Amino acid sequence: MNTSPIDADLALGLRAAAAGTYAAEAAVELLIRHQAWLTRSTFVHECLDPDDAGEFIGISWARVAQHVNRVDAQPSDRAIALIAAQLGGYPDPGEQPVDVAAMPPLAWLLASLDREDVDLVLAAISHAAGAQDHVEHVMEPGESGEWRVTPTSPRLRPGPLHPWPEALPSA
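About the cut-offs
Residues numbered from 1 in each chain as written. Predicted model: local features only at pLDDT ≥ 70, side-chain atom pairs only at ≥ 80, totals over all residues. Heavy atoms only, no water. Salt bridge = Lys/Arg side-chain N within 4 Å of Asp/Glu carboxyl O. Helix = DSSP H or I, 4+ residues; strand = E, 2+ residues; numbered from the N terminus. Buried < 20%, exposed > 50% of the residue type's maximum accessible area, 1.4 Å probe, protein only. Core = buried A, V, L, I, M, F, W, Y, C linked by side-chain atoms within 4.5 Å. Contact = heavy atoms within 4.5 Å. Patch = residues over 30% accessible without salt bridge, like charges linked within 9 Å, V, L, I, M, F, W, Y side chains within 5 Å. Areas by Shrake-Rupley, 256 points an atom, 1.4 Å probe, with all protein chains shown as cover. Axes fitted to C-alpha atoms, helices over the stretch in contact; angles between N-to-C directions. Parallel < 35°, antiparallel > 145°, perpendicular 65-115°, else oblique. Left-handed = near helix turned anticlockwise from the far one by under 90°. Nonpolar A, V, L, I, M, F, W, Y, C, P; charged D, E, K, R; others polar.

Visitor: Whenever I open this one, the pattern of salt bridges confuses me. Can you help?
Guide: A side chain with one charge may pair with a side chain of the opposite charge, provided their charged atoms come close. The full count for this structure, using the stated rule, is five salt bridges. Note that E29 is salt-bridged to R15, the shortest N-O span being 2.7 Å. Pair noted here: E29 is in helix α2 (residues 22-34) and R15 is in helix α1 (residues 8-18), with a separation of 14 residues, a long-range link. Judged by its relative accessible area of 36%, R15 is partly exposed.

As structure tokens, this is what we get:
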């Protein structure tokens, strides 16, 4: 994992561009928190899409999948990028989807991760599934004694199933 800081404006712009789609948000956050790819100028210039002002605001997940297989990288760094590409690669049906058939199997990608990376991937999967916004309905006893959900039953928001680590990981 890279210890170089990621440009705060770049991270802010990527988060804003992904906002509204759980899988895209999770993929972007995974790359930001992992730190290995967004500090590489070749990755930024080949895989990120600039707006009219030249600011990078989006990620081409298909180009991410192609790029990480062409460059020298640790297996864990490559695995993080490919997992992010699989999560973020389908946000818009009009876009070219990521070719997951050309990627290593998920089991291989997961076996390449260290403990900190597994923590990040679990948080990304939880976020992509929308677990942070799930609602649990509390059942109440009905008039005949059966337990059921009613229009007035309390709703609980348990929060993310696996939250993002509090601090960015250190090398």
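And the narrative resumes.
Visitor: For this particular structure, what's the right way to read the nonpolar core?
Guide: Nonpolar side chains in soluble globular proteins tend to end up buried together. Counting 42 residues, the largest nonpolar core has L30, L31, L38, L48, W61 and V64 as the members making the most contacts within it. Mapped by element, the contributors of at least two residues to this core are α1, α2, α3 (41-47), α4 (61-68), α5 (75-88) and α7 (115-128). Take this core: its biggest share by element is eight residues, from α5. Among all residues touching L38, those that are not within four sequence positions of it are I6, L10, L14, L31, I32, F43, V44 and L48.

Visitor: What's the story with the side chain of S60 in this structure? I'm lost.
Guide: The topology assignment puts S60 in the loop between β2 (56-59) and α4. Once you skip the residues sitting within four places of it in the chain, S60 turns out to touch C47 and D49.

Visitor: Before we go on, may I ask you to explain a nonpolar patch on the surface in this structure?
Guide: Together, M139, W147 and V149 line one region of the surface with nonpolar side chains, adding up to about 320 Å² of accessible area. Within the fold, V149 resides in the loop between β5 (147-148) and β6 (155-156).

Visitor: Any chance you could explain the packing of α2 against α7 here in plain terms?
Guide: In a pair of packed helices, the angle between the axes and the distance between the axes together describe the arrangement. α7 packs onto α2 with a crossing angle of 160° between their chain directions and a minimal axis gap of 8 Å. By the criterion of interaxial angle, the relationship of α2 to α7 is roughly antiparallel. At the point where α2 passes α7, the crossing takes the right-handed sense. Every residue of α7 that contacts α2 at Y22, A23, E25, A26, L30, R33 and H34 is listed here: D117, L120, V121, A124, H127 and A128. Within the contact of α2 with α7, the residues separate by chemical class into eight nonpolar, two polar and three charged.

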